[in-house]
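Overview (structure and organization)
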Amino acid sequence: MTDPTGSGQPPVRQANKRGAARLAAVQALYQMDVAGSGLLEITAEYEAFRLGKEVDGALYREADAQWFRGILAGVVENQKTLDPIIRQALTEDWPLSRLDSTLRAILRAGTYELMRREEVPVAVIVSEYIDIAKAFYDEDEPKLVNAVLDRVSRRVRGEGRGKGKEIS
């Protein structure tokens, strides 16, 4: 792929910025859940002080701020729809309330994207959120994220096993 600006630098891939936006959205959703922060407050904090900035010696990758805002606002606005869908994809002995805040944030963000970002392939969404889970967990949680988001994708997009769309 060539650089249309002629600067000799490879073009920035949108997926990297979206991946950073997904990670930041999960972190912000976690912070909202644990600290009780509001949507506008947390969005402003992340955009002013975290996205693409250095925090405590760690450099946050540049993120697609619009994608970040969309996931964050979408999860907050649609949580009453998202949570029952996630509950249905979990086993009966693992209710959503039993999962820790980080895992809930990952599943809510992934489910939101599967439901509302139809232009993004299922495999991309699932893979991105598995990678986010791997950043936080060493055990079985990434497998749980894979299984739950796979079940959700079959239900909301009708992908996998030839099932038709069940939820709009």
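It should be noted that the structure appears before, not after, this text.
Reference entry: report on the structure contained in this document. What you see is a predicted model; the values in this text were computed from it and never measured.

Looking at the layout of surface pockets
Estimated volume of the second largest pocket: approximately 160 Å³. Around the second largest pocket, the lining residues are Leu 29, Met 32, Asp 33, Val 75, Val 76, Gln 79, Ser 101, Arg 104, Ala 105 and Arg 108. Elements represented by at least two residues in the lining of the second largest pocket include exactly α1 (14–35), α3 (65–89) and α4 (101–116). Top element by residues in the lining of the second largest pocket is α4. It accounts for 4 residues. When the residues that make up the lining of the second largest pocket are grouped by side-chain class, the tally is 5 nonpolar, 2 polar and 3 charged.

Regarding the side chain of Thr 111
Along the chain, Thr 111 falls in helix α4. By relative accessible area, which is 0% here, Thr 111 ends up buried.

Considering the packing of helix α2 (residues 39–49) against α3
Relative to each other, α2 and α3 sit at 160 degrees, their axes nearing to 11 Å. The angle between α2 and α3 places the two elements in the roughly antiparallel class. As α2 runs across α3, the sense of the crossing is right-handed. Here Leu 39, Ile 42, Thr 43, Tyr 46 and Glu 47 of α2 lie close against α3, whose contacting residues are Ala 65, Phe 68, Arg 69, Leu 72, Ala 73 and Val 76.

Brief notes about the packing of aromatic side chains
By convention here, two paired aromatic rings are described through the distance between centres and the angle between planes. As enumerated under the stated definition, the model contains 1 aromatic pair in all. Aromatic side chains Tyr 46 and Phe 68 sit 5.6 Å apart centroid to centroid with 25 degrees between the ring planes, which places their arrangement in the stacked category. Here Phe 68 lies in helix α3 and Tyr 46 lies in helix α2, a separation of 22 residues in the sequence. Classification of Tyr 46 as buried rests on a relative accessible area of 1%.

Thoughts on the nonpolar core
Side chains of a nonpolar character, in soluble globular proteins, are inclined to be buried together. Within the largest apolar cluster, 46 residues are counted, with the highest numbers of intra-cluster contacts made by Phe 68, Ile 106, Tyr 129 and Val 145. Within the residue set of this core, elements represented by two or more residues are α1, α2, α3, α4, α5 (122–136) and α6 (141–157). No other element matches α3, which puts 9 residues into this core. Those residues in contact with Val 145 that sit more than four places away from it in its chain are Leu 103, Ile 106, Leu 107, Tyr 129, Ile 130 and Ala 133.

Structural notes on the pattern of salt bridges
When charged atoms on two side chains of opposite charge get close, those side chains can pair. Per the counting criterion, the structure on display carries 9 salt bridges. With its nearest N and O atoms 3.9 Å apart, the salt bridge here joins Arg 117 to Glu 119. Given a relative accessible area of 16%, Arg 117 falls into the buried group. The closest approach of N and O atoms between Asp 150 and Arg 154, which form a salt bridge, is 2.3 Å. In this pair, Asp 150 and Arg 154 are both assigned in helix α6, 4 residues apart and thus about one turn of the helix distant. Look at Asp 150 and you get partly exposed, because its relative accessible area is 33%. Residue class for Arg 154 comes out buried when judged on its relative accessible area of 12%.

Quick look at the side chain of Gln 31
Turning to its location among the elements, Gln 31 is positioned in helix α1. In this structure the side chain of Gln 31 is engaged in a polar contact, spanning 3.3 Å, whose partner is the side chain of Tyr 46. With residues near it in sequence (within four places) discarded, Gln 31 still touches Gly 36, Ser 37, Ile 42, Glu 45, Tyr 46 and Arg 50.

About the criteria used
- Residues numbered from 1 in each chain as written.
- Predicted model: local features only at pLDDT ≥ 70, side-chain atom pairs only at ≥ 80, totals over all residues.
- Heavy atoms only, no water.
- 1 Å grid on protein atoms, 1.4 Å probe; cavity = no way out; pocket = protein on both sides within 12 Å on 5 of 7 lines; lining within 4 Å.
- Points joined across faces, edges and corners; volume = space filled by probe spheres on them.
- Helix = DSSP H or I, 4+ residues; strand = E, 2+ residues; numbered from the N terminus.
- Nonpolar A, V, L, I, M, F, W, Y, C, P; charged D, E, K, R; others polar.
- Buried < 20%, exposed > 50% of the residue type's maximum accessible area, 1.4 Å probe, protein only.
- Axes fitted to C-alpha atoms, helices over the stretch in contact; angles between N-to-C directions.
- Parallel < 35°, antiparallel > 145°, perpendicular 65-115°, else oblique.
- Left-handed = near helix turned anticlockwise from the far one by under 90°.
- Contact = heavy atoms within 4.5 Å.
- Phe/Tyr/Trp six-rings, centres within 6.5 Å; stacked < 30°, edge-to-face > 60°.
- Core = buried A, V, L, I, M, F, W, Y, C linked by side-chain atoms within 4.5 Å.
- Salt bridge = Lys/Arg side-chain N within 4 Å of Asp/Glu carboxyl O.
- Polar contact = N/O pair within 3.5 Å; in protein donor to acceptor, adjacent residues only side chain to side chain.

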